[in-house]
Amino acid sequence: MMVALRLTVVFILSSLVSIVGHKRPWPATLPQELSALDISVRIRVDPEATFPVSTDFGRLVSAAPAAVLFPSSNLDIMALLSFANDSPRPFKVAPRGRGHSLRGQAAAPKGVVIDMRSLARRTGGGHDTVATTLSPITVSSCQDGSDPQGSAYVDAGGEQLWADVLSETLKHGLAPKSWTDYLYLTVGGTLSNAGISGQAFRHGPQISTVYELDVITGKGEMKTCSKEHNSDLFYAVLGGLGQFGVITRARIALEPAPDNVKWVRLIYTNFAAFTKDQEYLISLDGRPTPGTNSTKSKGFDYVEGSVFLDRSPVSSWRSSFSPADSARINSLITKYGPVYCLEAGIYYRNASKFAAEKDLDRLLEELSFIPGMTFIIDIGYVRFLNRVREGELQLRAQGLWDVPHPWLALFVPRSRISDFNARVFRRIIRENRSKGPILVYPVNRDRWDERTSAVIPDEGVFYSVSLLWSATTETLEQLEAQNEEVLRFCNDEGIKVKQYLPHYEERSDWVKHFGAKWEVFLERKRKYDPKRILSPGQGNFTSSAT
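Residues numbered from 1 in each chain as written. Predicted model: local features only at pLDDT ≥ 70, side-chain atom pairs only at ≥ 80, totals over all residues. Heavy atoms only, no water.

Focus on the overall build of the protein chain
For the protein chain, the count of helices and strands is 15 helices and 19 strands. Here the analysis covers contacts within the protein chain between residues at least 6 apart in sequence; of these, 75% occur between residues at least 24 apart. When the accessible surface of the protein chain is summed, it comes to about 22,400 Å², and 52% of that surface belongs to carbon and sulfur atoms. (Helix = DSSP H or I, 4+ residues; strand = E, 2+ residues; numbered from the N terminus. Contact = heavy atoms within 4.5 Å. Areas by Shrake-Rupley, 256 points an atom, 1.4 Å probe, with all protein chains shown as cover.)

Considerations on the pattern of salt bridges
Note that side chains of opposite charge can pair when their charged atoms are close. The final tally for this structure, using the stated rule, is 33 salt bridges. Across the pair Glu212 and Arg249 runs a salt bridge whose closest N-O atoms are separated by 2.6 Å. Of this pair, Glu212 sits in strand S9 (residues 210–217) while Arg249 sits in strand S11 (residues 245–256), placing them 37 residues apart in sequence. When its relative accessible area of 17% is taken as the criterion, Glu212 is described as buried. The class of Arg249 is buried, set by a relative accessible area of 2%. With its nearest N and O atoms 3.0 Å apart, the salt bridge here joins Arg349 to Asp259. Placement of Arg349 in the loop between strand S14 (339–348) and helix H9 (353–365) and of Asp259 in the loop between S11 and strand S12 (260–268) is noted, with a sequence separation of 90 residues between them. (Salt bridge = Lys/Arg side-chain N within 4 Å of Asp/Glu carboxyl O. Buried < 20%, exposed > 50% of the residue type's maximum accessible area, 1.4 Å probe, protein only.)

Concerning the sheet that holds strand S5 (residues 112–115)
One open sheet holds the four strands; their spatial order is S2-S3-S5-S4, and the pairing between them is mixed. Because the sheet does not close on itself, it has two edges, and the strands there are strand S2 (43–44) and strand S4 (93–96). Where S4 and S5 come together, four bridges link them in parallel fashion. Across the sheet, Arg96 pairs through a bridge with Asp115, a residue of S5. (Pairing = 2+ DSSP bridges.)

Looking at H9
Compared with an ideal rise of 1.5 Å per residue, which puts 13 residues at 18 Å, H9 spans 19 Å between its outermost C-alpha atoms and is within 8% of the ideal. Within the span of H9, buried status applies to Ala356, Leu360, Leu363 and Leu364. Relative to the axis of H9, the buried residues are bounded by an arc of 95 degrees and lie together on one face. Structural note: H9 exposes Phe354, Lys358 and Glu365 on the side pointing more than 90 degrees away from its buried face. The inward-facing, buried residues of H9 abut S12, helix H7 (271–283), S14 and strand S15 (374–380). (Expected span 1.5 Å × (residues − 1). Arc of directions from axis to C-beta.)

Concerning the packing of helix H14 (residues 507–514) against helix H15 (residues 518–528)
Contact geometry for H14 and H15: axes closest at 8 Å, N-to-C directions at 110 degrees. It follows from the interaxial angle that H14 and H15 lie roughly perpendicular. Taking contact as the criterion, the partners of Arg507, Trp510, Val511 and Phe514 in H14 are, on H15, Trp518, Phe521 and Leu522. Considered class by class, the residues forming the contact of H14 with H15 number six nonpolar, no polar and one charged. (Axes fitted to C-alpha atoms, helices over the stretch in contact; angles between N-to-C directions. Parallel < 35°, antiparallel > 145°, perpendicular 65-115°, else oblique. Nonpolar A, V, L, I, M, F, W, Y, C, P; charged D, E, K, R; others polar.)

Concerning helix H11 (residues 387–397)
Listed in full, the buried residues belonging to H11 are Arg387, Val388, Gly391, Glu392 and Leu395. All buried residues of H11 fall inside an arc of 145 degrees around its axis, so they share one side. Exposed side chains of H11 directed beyond 90 degrees from the buried face belong to Gln394 and Ala397. On the buried face of H11, the contacting elements are S12, strand S13 (302–308), S14 and helix H10 (381–385). Directly after H11, the chain includes Gly399, whose backbone phi takes a positive value near 70 degrees.

Quick notes on the nonpolar core
Judged by nonpolar contacts, the single largest core of 75 residues is most densely connected at Leu191, Leu213, Tyr381 and Trp448. Ranked by residue count, the leading element in this core is helix H6 (residues 231–237), at five residues. For this core, the domains that each give at least three residues are domain 1 (138–257) and domain 2 (260–499). When residues no more than four places from it in sequence are discounted, the contact partners of Leu191 are Trp162, Gln206, Ile207, Val210, Leu213, Val237, Leu238, Gly239, Ile247 and Ala250. Formed by 48 residues, the second largest nonpolar core is a distinct cluster that contains Phe201, Val303, Leu342 and Ile417. (Core = buried A, V, L, I, M, F, W, Y, C linked by side-chain atoms within 4.5 Å. Domains from an automatic or database assignment.)

Quick look at unusual backbone geometry
Phi at Leu501 is positive, roughly 55 degrees, even though this residue is not glycine. Checked against the element boundaries, Leu501 lands in the loop between strand S19 (498–500) and H14.

Details of the pairing of S11
In terms of burial, S11 is largely enclosed, as 11 of its 12 residues are buried. Of the pairings in the sheet, the one linking strand S7 (residues 152–157) to S11 comprises five bridges and is antiparallel in character. By the bridge assignment for S11, Gly157 is matched with Arg249. With three bridges joining them, strand S8 (residues 174–176) and S11 adopt antiparallel strand pairing. Note that in S11 the partner of Pro176 across the bridge is Leu254. Examined bridge by bridge, S9 and S11 share seven bridges and lie antiparallel to one another. Along S11, the bridge assignment pairs Val215 with Ile247.

Focus: the packing of aromatic side chains
Here the structure, examined in full by the defined rule, presents 32 aromatic pairs. Ring plane angle 70 degrees and centroid distance 5.1 Å describe the contact between Phe57 and Trp407, whose orientation is recorded as edge-to-face. Within this pair, whereas Phe57 is found in the loop between helix H1 (47–50) and strand S3 (67–69), its partner Trp407 is found in the loop between H11 and strand S16 (408–413), the two being separated by 350 residues in sequence. Comparing Phe57 with Trp407 shows no difference in burial state: the two are buried. (Phe/Tyr/Trp six-rings, centres within 6.5 Å; stacked < 30°, edge-to-face > 60°.)

Some details on the confidence of the model for the protein chain
Counting all residues, the mean pLDDT for the protein chain is 89, and 88% of those residues have values of 70 or more. Every residue in residues 1–22 scores below 50 in pLDDT, and together they form 65 contacts with partners more than four places removed in sequence or on other chains. Every residue in residues 121–135 is under pLDDT 50, and counting partners more than four places away or in other chains gives 46 contacts. (pLDDT = per-residue confidence, 0-100.)

Brief notes about the side chain of Thr50
For Thr50, the position within the fold is in helix H1. Note on Thr50: relative accessible area 10%, which makes it buried. Filtering out sequence-adjacent residues up to four positions away, Thr50 remains in contact with Arg44, Val45, Pro65, Ala66, Ala67 and Val68.

Written out as structure tokens, the structure reads:
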């Protein structure tokens, strides 16, 4: 019999949102009967509630809901969705965490937005209790090693921030395996997309590290699902763009947490050498070598990369260099054009620092970066994972964070990444003098589960490319046009890219995006959200995309 050690850790969430009710006239777009339900005391229709959720991080779209639900428990969400599904006048509903979408994906125009961050109290098993101001994260591990799911996992509410999940799991010397570059996103939000960062080559995206979910479907039904139980819903929701249900709990795999990271940045002027080294490093994942009894070297724990262009600052909100180092890199840009930075990290415990240094020396000897252009920092694990937060706070202080973000994120097949570099990095973007971090790094396809709703290229290795622009009113139109030029180039040249955080308005574009998964996607929508209530801002099932 499995013996489990269950440790429940509770922390105080941020201050409660004041619920003042719906004292204004009831919106005409919502059934009057909704105002008679018990949950109506937690529904607000005033502009003070609806205006803040009418836009998102992208600041490219504004779409006000008719109302906002501030749930005190999962029962409130179930009641809202059940009512919407059963109503003769179904209305749209969208769960919203931090609103870190780009083009209104978390919006519910003239419908109801669920403020997930207002959830009060949850238990690890997904059962609601009396509402309080507490929200628990539960860490569990098996003492006898008999748990088929692994040695440790965390149960976290869908409304929880990954930063808070990390804080709580570290108290037990553990941490999730896969991350995004920015930790102030909700668990439910990233799992509805994929959740990708420099650990994905080894562990897969965040959706590959989930054991179990609690989901409230578009019918208002609470379902617990996993690979073994209600598996169709489990795979539908992971990467499902919020189309099939609201994630209220996720059971996430953990591993022993390191103390520090050897953070390495290596500079290249040759794109072929840069990508060759990146692809080599992601092959060192500790897995058995096919056809042999040997195991590959473990290599780095984190592998990413970026592109530096002329007239674009080398330092940015996600990675910085000293003025002297920036000057050295800029001199290379002036001479060679775009410069490429391979970014990698070795995780280690304090007691194994010497071994980590030996591993690093061995790995560096195998790479083809420019001699002398090596930048190595020993940094705490938490600070490394949270480095984007430091950049965010600096930009907020300067009033430069809450600006339009016309980001474009693509998955590019390995076979065409050189063509992409030649036209996009070296011509389209460079000639337009664009500014903002540009990420490019390879990922192993076999670390993704094809049964999920997430869509990726067919090749065994593909590249995650992110153009992370910040715009002003003067530059927004130019950046949007540039993004369209990039997509048009890929289409014209037959480069079968897949958009990450996709948004289309035409059905043909969605069919092309999902490919063979489109019919499965449609069938799952009919099964779990037949009235097409959930997350209309994604645009999957607008009138033109139906």
